[in-house]
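Read off the chains here:
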Amino acid sequence: MYLIAGLGNPGRKYEGTRHNMGFDAVDVLIDRHRILGAGVKFDAMYGKGRIGADHAILLKPLLYMNLSGAPIRAMCDYYKIDPEEELIVLYDDIDLSPGQIRIRKKGSAGGHNGMKDIIRHLGTQNFARVKIGVGEKPSGWDLADYVLSRFPAEERENVDQAIERAADAVELILKDGADAAMNQYNRKS
């Protein structure tokens, strides 16, 4: 069984912001695969279903971004999910251009507070992740203000396509492994 966790901030105030790309990609997977909501557990909304041949739990933490680790750790423990083999985290990345995605099998948090908390709670950075580009912070902007802002209309179509590609990448990771997904998606778009 896989745990697919999308990172974001809960509440309508944050819908459509740069920081909620992980939530948006999980929503695409939920719709595509008709994942039924199971409810709320461990401060996270989650649903269970199948993606292709694999059983999966799709999760959106209900705590703020920098507290994402505890719900993911609790879900891994409860369902006996090995994070190094069966966890995929989707999240925003300011080091990638809007519309670009990048898959990694492991790595540091790269300054992302949600990822820092997940790594701290899991005690490992060896888990798959799908990063969705939101673009570099403009000069003079506060980082928090930037990631909590919405995309301008001219970037929105490209970002929506990236969210779809991130969902495609998760499907490919489940079907053929992270290396196949990295070969297909780790290119500039």
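This one's a predicted model, so the numbers in the text were calculated from it and none came from an experiment. (Residues numbered from 1 in each chain as written. Predicted model: local features only at pLDDT ≥ 70, side-chain atom pairs only at ≥ 80, totals over all residues. Heavy atoms only, no water.)

Student: What exactly am I supposed to notice about a nonpolar patch on the surface here?
Tutor: Residues Val40, Met45 and Leu62 make up a contiguous nonpolar surface patch of about 250 Å² in total accessible area. Residue position: Val40 is located in strand E2 (residues 36–41). Given the relative accessible area of 58%, Val40 is considered exposed. (Patch = residues over 30% accessible without salt bridge, like charges linked within 9 Å, V, L, I, M, F, W, Y side chains within 5 Å. Areas by Shrake-Rupley, 256 points an atom, 1.4 Å probe, with all protein chains shown as cover. Salt bridge = Lys/Arg side-chain N within 4 Å of Asp/Glu carboxyl O. Helix = DSSP H or I, 4+ residues; strand = E, 2+ residues; numbered from the N terminus. Buried < 20%, exposed > 50% of the residue type's maximum accessible area, 1.4 Å probe, protein only.)

Student: What exactly am I supposed to notice about the pairing of strand E1 (residues 2–6) here?
Tutor: Successive residues of a regular strand alternate their side chains across the two faces of the sheet. Counting buried residues in E1 gives five out of five residues, a clear majority hidden from the surface. Side-chain alternation along E1 places Tyr2, Ile4 and Gly6 on one buried face and Leu3 and Ala5 on a second face that is also buried. In terms of strand pairing, E1 meets strand E4 (residues 54–61) through four bridges, oriented parallel. Considered in E4, the bridge of Ile4 is made with Leu58. Bridge count for E1 against strand E5 (residues 87–93) is four bridges, and the pairing is parallel. For Ala5, the partnering residue across the bridge sits in E5 and is Val89. (Pairing = 2+ DSSP bridges.)

Student: Explain the pairing of E5 to me, please; I cannot follow it from the model alone.
Tutor: Burial runs high along E5: seven of the seven residues are buried. Across six bridges, E5 lies against strand E7 (residues 128–133) in parallel orientation. Bridge pairing links Leu90 to Val130 in E7.

Student: Would you take a moment to explain the pattern of salt bridges for this structure?
Tutor: A side chain with one charge can pair with a side chain of the opposite charge if their charged atoms come near. According to the stated counting rule, one finds 12 salt bridges in the structure shown. When the shortest N-O distance is used, the salt bridge between Glu164 and Arg32 registers 2.8 Å. Here Glu164, found in helix H6 (residues 153–176), pairs with Arg32, found in helix H1 (residues 21–33); they are 132 residues apart in sequence, far enough to count as distant. A salt bridge links Lys105 to Asp179; its shortest N-O distance comes to 2.9 Å. Note that Lys105 is positioned in the loop between strand E6 (101–104) and helix H4 (113–122) and Asp179 in helix H7 (residues 178–185), a separation of 74 residues in sequence. The network of salt bridges with common partners includes Arg32, Glu164, Asp168 and Glu171.

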